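Residue strings, one per chain:
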Amino acid sequence: MNVNRLISLALWLSLAVSVPAWAEGGQATPARHPTYNMLGRDASAVSSPLNPNFVVSEEAHMKEGGFWRSTYINENLVGLAVADIDRDGQNEVVYASEKNVWATRFNGASLTPLGRYSVPTTQRIASVDLLDLDGDGRLETICSAQDEKGAPIGFILKFDDSTLTPVAQKLPWFLRVVSSGDSRFLAGQRAATDGSRVYSGGVQRLSFNGSSLASEGAVGLPEHVDLFNFIQGRLGSGGSMTAAIRFPSEHIFLYESQNRAWESREEYGGTMTYLAPQNNRDSSDRRREFLPTRLLIFDIDGDGQNELIAAKNDRGGVPFMSNQRDFSSGAIQAFKYQNLSLTPFFRTRTLPGAVADIQLADFRNNGTLSLVAAVVTQSKSGMLSEGRSLIVAYDLSGPGGETAPPAKAVKGGQ
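What counts, and at which threshold
- Residues numbered from 1 in each chain as written.
- Predicted model: local features only at pLDDT ≥ 70, side-chain atom pairs only at ≥ 80, totals over all residues.
- Heavy atoms only, no water.
- Helix = DSSP H or I, 4+ residues; strand = E, 2+ residues; numbered from the N terminus.
- Buried < 20%, exposed > 50% of the residue type's maximum accessible area, 1.4 Å probe, protein only.
- Contact = heavy atoms within 4.5 Å.
- Areas by Shrake-Rupley, 256 points an atom, 1.4 Å probe, with all protein chains shown as cover.
- Salt bridge = Lys/Arg side-chain N within 4 Å of Asp/Glu carboxyl O.
- Core = buried A, V, L, I, M, F, W, Y, C linked by side-chain atoms within 4.5 Å.
- Pairing = 2+ DSSP bridges.
- Axes fitted to C-alpha atoms, helices over the stretch in contact; angles between N-to-C directions.
- Phe/Tyr/Trp six-rings, centres within 6.5 Å; stacked < 30°, edge-to-face > 60°.
- Lys, Arg positive; Asp, Glu negative; His and termini not counted.
- Polar contact = N/O pair within 3.5 Å; in protein donor to acceptor, adjacent residues only side chain to side chain.
- pLDDT = per-residue confidence, 0-100.

**Student:** How do you make sense of the overall build of the protein chain when you look at a structure like this?
**Tutor:** Regarding its fold elements, the protein chain presents 2 helices and 28 strands. By residue count, 49% of the 414 residues in the protein chain fall in the buried class. Sequence separation of at least 24 residues holds for 50% of the intrachain contacts in the protein chain that already meet a minimum separation of 6. Surface summary for the protein chain: the accessible area is close to 19900 Å², and the carbon and sulfur share equals 49%.

**Student:** What's the story with the side chain of T141 in this structure? I'm lost.
**Tutor:** Along the chain, the position of T141 falls in strand 9 (residues 140–147). Note on T141: relative accessible area 1%, which makes it buried. Not counting chain neighbours up to four residues away, the residues in contact with T141 comprise V94, V101, V128, D129, L130, F155, I156, L157 and L164.

**Student:** Can you help me understand the pattern of salt bridges in this one?
**Tutor:** Side-chain pairs of opposite charge can arise where the charged atoms are in close proximity. All told, the structure shown has 19 salt bridges when counted by the stated rule. When the shortest N-O distance is used, the salt bridge between R315 and E250 registers 3.0 Å. Placement of the pair is R315 in strand 23 (residues 307–315) and E250 in the loop between strand 17 (240–246) and strand 18 (251–256), with a sequence separation of 65 residues. Taking the relative accessible area as the measure of exposure, E250 reaches 4% and is therefore buried. Between R260 and E263 there is a salt bridge whose closest N-O contact spans 3.1 Å. Since its relative accessible area comes to 54%, R260 is described here as exposed.

**Student:** For this particular structure, what's the right way to read the nonpolar core?
**Tutor:** Generally speaking, soluble globular proteins have nonpolar side chains that are buried together. The biggest cluster of nonpolar side chains holds 22 residues, and the ones touching the most others in it are V101, I125 and F155. Residues L80, V93, F106 and A354 belong to the second largest nonpolar core, which totals 21 residues.

**Student:** What is the right way to read the sheet that holds strand 27 (residues 370–378) from this model?
**Tutor:** Adjacent strands of a sheet form backbone hydrogen bonds with each other and so pair up, either parallel or antiparallel. Read across the open sheet, the 4 strands follow the order 3-28-27-26; overall the sheet is antiparallel. With partners counted over all chains shown, the strands left at the sheet margins are strand 3 (67–69) and strand 26 (354–361), one partner each. In this sheet, neighbouring strand axes are inclined to one another by 20° on average, regardless of whether the strands run parallel or antiparallel. As defined by bridge partners, strand 26 adjoins strand 27 across 7 bridges and the pair is classed as antiparallel.

**Student:** Would you explain the pairing of strand 7 (residues 111–118) in this entry?
**Tutor:** Along a regular strand, successive side chains alternate from one face of the sheet to the other. Here strand 6 (residues 100–106) pairs with strand 7 via 7 bridges, running antiparallel. Along strand 7, the bridge assignment pairs T104 with P113.

**Student:** Would you explain the packing of aromatic side chains in this entry?
**Tutor:** Under the definition given, this model contains 11 aromatic pairs. Measuring from ring centre to ring centre gives 5.2 Å for F67 and Y394, while their planes differ by 55°; the resulting arrangement is tilted. With F67 in strand 3 and Y394 in strand 28 (residues 388–395), this pair connects stretches of sequence that are 327 residues apart. Among the residues examined, F67 registers a relative accessible area of 30% and is labelled partly exposed. Judged by relative accessible area, Y394 falls into the buried class, the value being 9%. Taking 5.9 Å as the distance between ring centres and 50° as the angle between the ring planes, the aromatic pair formed by F247 and F290 counts as tilted. With F247 in the loop between strand 17 and strand 18 and F290 in strand 21 (residues 289–290), the pair connects residues that are 43 residues apart, well separated along the chain. Judged by its relative accessible area of 22%, F247 falls in the partly exposed class. Residue F290 is classed as buried on the basis of its relative accessible area of 4%.

**Student:** Explanation requested: the pairing of strand 9 in the structure shown.
**Tutor:** Of all 8 residues in strand 9, 7 are buried; the element is thus mostly enclosed. As paired strands, strand 8 (residues 123–131) and strand 9 are joined by 8 bridges and run antiparallel to one another. Within strand 9, the position partnered with Q123 by the bridge is D147. In this structure, strand 9 lies alongside strand 10 (residues 154–160), joined through 4 bridges in antiparallel fashion. Directly across from E140, in strand 10, lies its bridge partner K158.

**Student:** Quick question: what am I supposed to make of the sheet that holds strand 10 here?
**Tutor:** Here we have 4 strands laid out as an open sheet, ordered 8-9-10-11, and antiparallel in their pairing. Every other strand in the sheet has two partners, leaving strand 8 and strand 11 (163–171) as the edge strands with one partner each. Strand-to-strand, the axes of this sheet are offset by a mean angle of 25°, without reference to chain direction. Pairing of strand 10 with strand 11, which is carried by 6 bridges, proceeds in the antiparallel orientation. Note that in strand 11 the partner of I156 across the bridge is A168.

**Student:** Sorry if this is basic, but what is going on with the side chain of D84 here?
**Tutor:** Among the secondary structure elements, D84 is positioned in the loop between strand 4 (77–83) and strand 5 (92–97). An unpaired buried charge is present at D84: no salt bridge exists, and R105, the closest side chain of opposite charge, is 6.4 Å distant. Engagement of the side chain of D84 in a polar contact is seen with the backbone nitrogen of D88, the distance being 3.4 Å. For D84, the side chain forms a polar contact with the main-chain nitrogen of G89, separated by 2.9 Å. Those residues in contact with D84 that sit more than four places away from it in its chain are G89, Q90, N91, E92 and L139.

**Student:** What am I meant to see in the confidence of the model for the protein chain here?
**Tutor:** Predicted coordinates in regions of low pLDDT should not be interpreted in detail. Model confidence for the protein chain is summarised by a mean pLDDT of 83, while 76% of its residues fall at 70 or above. Contacts from residues 9–44, a stretch scored under 50 in pLDDT, to residues over four places away or in other chains number 34 contacts.

**Student:** Explain unusual backbone geometry here, please?
**Tutor:** Outside of glycine, negative phi angles account for most residues, and trans bonds account for most peptide bonds. For the peptide bond that leads from F247 to P248, omega is 15°, which places it in the cis range. Mapped onto the secondary structure, P248 falls in the loop between strand 17 and strand 18. Phi is positive for E250, close to 60°, though the residue is something other than glycine.

Pasting the structure below:
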C-alpha cells in the first residue's frame, strides 16, 4: 500500500469518527429538552478557556439564569406555601419556622414582610398550608403544632390589614392540606394518647365551620400511610396512585389502590421536622416521627403525563434513626412513571442544606410556574441558635424560552 493511499485512508477514518450520527444526511442538531437546564448537564464535553486540557462536561453549572434565592432567614423553616392571601391578584409567600408564621411578598428582588404570627415558647409549629376553608374567597393559613406535652394544637389564621389573626386555635388535630387528583382539601389525624406512637386512627377529611373542625369520613389510604407522607394522583399513562414516603425507611412507596406497586432503594424527603408522641415519658424521645418533605404530582413538562416531584436530602454522617440528625445538602428530583417504576427525569443543582418544603406556584407573578423550596442551611442548636434557612425559586422554562404549563393550573398552590 503506497503512502498516498495510507494518507487517504487515515483522512477517511478521522472524518468517519468525528462526524456524529445525527449529522449524517445533513440533519440539524436535535433540540435538547428544556430539562437539561434543570439537570445542570450538557451532553457535549468542551475544553475550558482556562486550559485546553480542562474538560468542561457540565457547562450548564456555570449559568445563573432562571434561579433566585432569598437572603438568609435566621430561623429553622418547617413549611412553605405560595398563593394569593389578600385577593389583590398577586401571590404571596407564606413560610413558617417552629415559632413564627410569616406572610411576605416577592417584589422582584427580595421578600417583603407583610405580617407575622408567633406561638408561645411552649408550642412548636410543624407545617403550614393555605386553603379557602369557609368559601369566602380568601385563603386561610393552616398550621399543625404541638404543645410541650405533645398534644396537637392546630390553628387557623386569616390575613387582613397586614395582620395574621387567629380564627381558630388549639384544634385537637394534626392538619394538612392534601392533594388527590385535581382536588385539594383539609385533612386531619388524631394523636395517640398512650405515648407509644404519634397517630391514632386513619386520616380524615375535615370541614371547618368558622371555629371548629368536624370529620367527614376517612380518606381511605393504604396501610402505614399517614397524614404528612402522601399524595394521590395520576402518574404516567396509568391510573390514580398513592405515593408516600414512609418513616423510618424514608423510601418512596407507590400504591395502586391498597396494593404496593413499587418501592425505592434510596431515601427521600428526610427533614429535621418532627412530631413527638403525646404524653411520652421517654426522655430520649426515640419515638419521634420525622416528617418528609411534601410530595408533588404535576405535568411539569407539558407532555400530558404527570411526574412525581420529591426532595432528596443527604445526611451529614449522623447515624440512622438518630434524633439529633443533620443534613449536609439536598436537591429536588422529578420522576416519570414508566414500566412499573419511577425513572429519574431531572435533578436540581445541589443545595447547601436540607429541603424542608416545596411548592409549584406563580412565584414571580408573571403567569408561569416556578419550583419554590424552603432550604434549612443550618439546623437549630439548642438555645444558642434558631437555625438558618433560605427560600429558592427555579423558573420552569427551557433554554429557548419554552415555558412551563400556565400557573392557573395550580391556582392556590400545591
